[in-house]
Amino acid sequence: MNRIRSYAAAAAMLLVSMAAWSQAKQMPEYLEYIATYRQAAIDQQREHNIPASISMAQGLLESGAGKSELARNANNHFGIKCTSDWTGATYHKNDDKRNDCFRKYKKVEDSWEDHSKFLLRPRYAELFQLKITDYKGWAHGLKRCGYATDPTYPAKLIKIIEDYQLDKLVSDAGAQHKKEKPKAKDKKADPDRDQGILPGDTVEIEEKKDFREAAGMKDVTLYQDHKSGYENGTRYIIAEEGESYSSLSYFLNISEKQLRKYNDASDGRMLHKGDRVYLFKKHKYASRKHKTYWVKKNDTAWSIAQKFGFQMKSIYTLNGIPEGTPLTTRQELKLRK
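The present account deals with the structure reproduced in this document.

What follows concerns the overall build of the protein chain. Of the regular secondary structure elements, the protein chain holds 13 helices and seven strands. The 337 residues of the protein chain split such that 45% are buried. Looking at the protein chain alone, contacts between residues at least 24 apart form 62% of all its contacts between residues at least 6 apart. As presented, the protein chain carries roughly 18,700 Å² of accessible surface, and 50% of it is formed by carbon and sulfur atoms.

In structure tokens form, the structure reads like this:
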């Protein structure tokens, strides 16, 4: 029963995330940027009380998701220009004036920190009277205080925040700030935590059928933006063009490290269109109906493990092969004990 509740809770989290995701079609480069600089936004909120939703939206807008000339050549993600008190490096380009002077940074993180310090000037003091969750007030306040000359600047920020659910970064920052020192894991108490559906054919079928009702999310359409399915009792979605483990991890509420671990991708491998992405830990061995497999041309240990939904390391241990050894065509592999 504990295992069913654990799965239902995890499923509920995924349902909510994916249902929200389906409301707006996000750009892969924006998702990549959010995943990359999520912690930077959270850190700035915790350190300087700048809403993570606002700084992330500004970073996305000002830097073109890290693709702008200033971002690429000056690590400047917020379009901050030189001021009389700036003593750092500079970068010049045409903007409001010909050959305008912009601040140049050694690394992107310096740009995020400087952006926060820039907003701590007296000119923006009124913003800090607003609630940190009031992203609309902050967006309009930035324009009113003279951060940008574009009359549509507030609307653009608000749209980005709402399309990408950036307001949840604010609560994430608060959660991190309040989080106590983690206790040591009690493996005996819950050894199968985060594994999804557990071994045992009858139980797997019952849990797959009932988990939406148990989670109170029966009416939600799951993963409507992605093809999806089960293999060996573990849920997966099919990656689309331009997606990555980091971009998917943000909306699945799973860390990139954990998502890569689920998919035997801790070696840094890239995600490609059509790849399966498992959302829970795969089982140790393939299902009972897949006891052996004859290797075909272009097969790899990783592709076979993803195809049959089990852990890649088992291919090597079951067959007495040193890890990393290339497979050969027409080689017969054991997939189960």
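The rest of the description comes next.
Before going further, it helps to examine the sheet that holds strand 5 (residues 276-278). Ordered in space as 3-4-5, the three strands form an open sheet in which the pairing is antiparallel. Taken across any chain shown, the strands that pair with only one partner, and hence form the sheet edges, are strand 3 (228-231) and strand 5. Each neighbouring strand pair of the sheet contributes to a mean axis angle of 40°, computed without reference to strand direction. Those strands touched by helix 12 (residues 301-308) are strand 3 and strand 5, and its axis lies near 65° from that of strand 5.

On to helix 3 (residues 52-63). Over its 12 residues, helix 3 runs 16 Å from end to end, which matches the ideal 16 Å to within 8%, given 1.5 Å per residue. Most of helix 3 is tucked away: 10 of the 12 residues are buried. Positioned one or two residues after helix 3, Gly64 has a phi angle of 60°, which is positive.

As a further point, take the state of the cysteines. The full count for this structure, using the stated rule, is one disulfide. Disulfide pairing is shown between Cys82 and Cys101; the S-S distance is 2.0 Å. One disulfide, between Cys82 and Cys101, carries an S-S torsion of -65° and so falls in the left-handed class. Placement of the pair is Cys82 in the loop between helix 4 (69-74) and strand 1 (90-93) and Cys101 in strand 2 (residues 100-103), with a sequence separation of 19 residues.

What follows deals with the nonpolar core. Core analysis: the biggest nonpolar cluster contains 38 residues, and Met56, Leu60, Trp112, Tyr124, Leu142, Tyr147 and Leu166 have the highest contact counts within it. Within the residue set of this core, elements represented by two or more residues are helix 2 (28-48), helix 3, helix 5 (108-119), helix 6 (135-144) and helix 7 (153-163). No other element matches helix 2, which puts seven residues into this core. Membership of the second largest hydrophobic core comes to 28 residues, among which are Val295, Trp302, Ile304 and Leu333.

We now examine the pairing of strand 3. A one-sided burial pattern is seen for strand 3, the buried positions being Gly229 and Glu231 and the unburied ones Ser228 and Tyr230. In this structure, the hairpin formed by strand 3 and strand 4 (residues 234-238) is closed by a connection of two residues, where Asn232 is found at a positive phi of approximately 55°.

Turning our eyes to something else, we now look at unusual backbone geometry. With a phi angle near 55°, Asn75 is a residue other than glycine that sits in the positive phi range. Checked against the element boundaries, Asn75 lands in the loop between helix 4 and strand 1. Backbone geometry places Asn232, a non-glycine residue, at a positive phi of 55°. Tracing the backbone shows Asn232 in the loop between strand 3 and strand 4.

Let us now look at the packing of aromatic side chains. Going through the model one piece at a time under the given rule, you end up with 12 aromatic pairs. Taken together, a centroid distance of 5.7 Å and an interplanar angle of 65° make the contact between Trp86 and Tyr105 edge-to-face. With a gap of 19 residues between them, Trp86 in the loop between helix 4 and strand 1 and Tyr105 in the loop between strand 2 and helix 5 connect regions that are remote in the sequence. Relative accessible area serves as the criterion here: at 22%, Trp86 is assigned to the partly exposed category. Feature note: the residues Tyr33, Tyr37, Phe78 and Trp112 constitute an aromatic cluster, connected by ring pairs.

Rules and cut-offs
Residues numbered from 1 in each chain as written. Predicted model: local features only at pLDDT ≥ 70, side-chain atom pairs only at ≥ 80, totals over all residues. Heavy atoms only, no water. Helix = DSSP H or I, 4+ residues; strand = E, 2+ residues; numbered from the N terminus. Buried < 20%, exposed > 50% of the residue type's maximum accessible area, 1.4 Å probe, protein only. Contact = heavy atoms within 4.5 Å. Areas by Shrake-Rupley, 256 points an atom, 1.4 Å probe, with all protein chains shown as cover. Pairing = 2+ DSSP bridges. Axes fitted to C-alpha atoms, helices over the stretch in contact; angles between N-to-C directions. Expected span 1.5 Å × (residues − 1). Disulfide = S-S within 2.5 Å. Core = buried A, V, L, I, M, F, W, Y, C linked by side-chain atoms within 4.5 Å. Phe/Tyr/Trp six-rings, centres within 6.5 Å; stacked < 30°, edge-to-face > 60°.

So, to be careful, I would describe these as geometric facts and stop short of saying anything about function.
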